[in-house]
Amino acid sequence: MTPPRVPVAPDEVELSYVRAQGPGGQNVHKVSSAVHLRFSVPASSLPDAVKERLLALRDQRITADGTVVIKAQTSRSQEFNRVEALARLQALVDSVAVPPKRRRPTEPTYGSQQRRLQGKAVRGVVKQLRGKVRGGD
């Protein structure tokens, strides 16, 4: 596993434990093993550029006020769910840690233009041959 590019401070993450949904037998109704993670992006110590890119994401886990909400409930262990929720938050932050490369518009090469025109000429001939057969006067 690669180290995080921009580590999330653990004291900025708010964790609460809730009962998991779905089937699970008799124990599921008594144990709060699911983890509800809340992380406020505007109030965090992340660099400003990372905050901007994170808030610009069209992600359903980010609320309108800039809070990331993650619910982890795949494991029966509270500790595993906590680790998974923190890992998912870190993956989300890492996905925007590197700024995207700017695209420089380029021109088509001379060779690609020639190949395109040659292909068009060939198709034109094929379509011409599909026309009505003219009498040989």
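Here the structure is a predicted model, which is why all the values come from computation and not from measurement. (Residues numbered from 1 in each chain as written. Predicted model: local features only at pLDDT ≥ 70, side-chain atom pairs only at ≥ 80, totals over all residues. Heavy atoms only, no water.)

Peer 1: Sorry, what's going on with the overall build of the protein chain here?
Peer 2: Scanning the protein chain from terminus to terminus reveals 3 helices and 3 strands. Across the protein chain, helices and strands are ordered from the amino to the carboxyl terminus as β-β-α-β-α-α. By the compact-globule yardstick of 14 Å for 137 residues, the protein chain is too spread out, its C-alpha radius of gyration being 28 Å. Per-residue burial over the protein chain gives 23% buried out of 137 residues. For the protein chain, the share of sequence-separated contacts (at least 6 apart) that also reach a separation of at least 24 residues comes to 63%. For the protein chain, the accessible surface area stands at approximately 10,800 Å², while carbon and sulfur atoms represent 53% of it. Counting 24 positive and 12 negative side-chain charges, the protein chain places the averaged centre of each group 14 Å from the other. (Helix = DSSP H or I, 4+ residues; strand = E, 2+ residues; numbered from the N terminus. Rg over C-alpha atoms; globule rule 2.2 N^0.38 Å. Buried < 20%, exposed > 50% of the residue type's maximum accessible area, 1.4 Å probe, protein only. Contact = heavy atoms within 4.5 Å. Areas by Shrake-Rupley, 256 points an atom, 1.4 Å probe, with all protein chains shown as cover. Lys, Arg positive; Asp, Glu negative; His and termini not counted. Charge placed at Lys NZ, Arg CZ, Asp CG, Glu CD.)

Peer 1: Any chance you could explain the confidence of the model for the protein chain here in plain terms?
Peer 2: Low-pLDDT stretches of the model should not have their predicted coordinates read in fine detail. Residue-level pLDDT values for the protein chain average 88, and 91% of them are 70 or greater. At the level of individual helices and strands, the protein chain shows its lowest average pLDDT in strand β1 (residues 13-18), which scores 90, and its highest in helix α3 (residues 110-129), which scores 96. (pLDDT = per-residue confidence, 0-100.)

Peer 1: Honestly, the side chain of Thr 67 in this entry has me stumped. Any pointers?
Peer 2: Tracing the chain through its elements places Thr 67 in strand β3 (residues 67-72). Of note is the side chain of Thr 67, whose polar atom sits 3.4 Å from the side chain of Asp 65. Contacts of Thr 67, omitting those with residues within four sequence positions, involve Arg 38, Phe 39, Ser 40, Arg 61 and Ile 62. (Polar contact = N/O pair within 3.5 Å; in protein donor to acceptor, adjacent residues only side chain to side chain.)

Peer 1: Hey, could you run me through the nonpolar core in this one?
Peer 2: Nonpolar side chains in soluble globular proteins generally cluster together in the buried interior. One finds Leu 37, Phe 39, Leu 46, Leu 54, Val 68, Leu 89 and Val 93 to be the most contacted residues of the largest nonpolar core, which totals 20 residues. Going through the elements one at a time, β2 (34-40), α1 (48-56), β3 and α2 (78-95) are the ones with two or more residues in this core. With 4 residues, α2 is the largest single contributor of residues to this core. In contact with Leu 37, not counting residues within four places along its chain, are Val 13, Glu 14, Leu 15, Val 68, Val 69, Ile 70, Ala 85, Leu 86 and Leu 89. (Core = buried A, V, L, I, M, F, W, Y, C linked by side-chain atoms within 4.5 Å.)

Peer 1: Sorry if this is basic, but what is going on with the sheet that holds β3 here?
Peer 2: Strand pairing in a sheet is mediated by backbone hydrogen bonds. Such pairs are either parallel or antiparallel. The strand order across the open sheet formed by 3 strands is β1-β2-β3, and the pairing between neighbours is antiparallel. Of all strands in the sheet, those bounded by a partner on one side alone are β1 and β3. Within this sheet the neighbouring strands show an average axis-to-axis angle of 20°, counted without direction. With 6 bridges connecting them, β2 and β3 associate as antiparallel partners. Paired with Ser 40 across the two strands is Thr 67, which belongs to β3. Helix-sheet contacts for α2 involve β1, β2 and β3, and the interaxial angle to β3 is about 145°. (Pairing = 2+ DSSP bridges. Axes fitted to C-alpha atoms, helices over the stretch in contact; angles between N-to-C directions.)

Peer 1: Any chance you could explain the pairing of β2 here in plain terms?
Peer 2: Consecutive side chains along a regular strand alternate between the two faces of the sheet. Pairing of β1 with β2 involves 6 bridges; the strand directions are antiparallel. Each bridged residue has a counterpart across the sheet, and for Glu 14 the counterpart in β2 is Arg 38.

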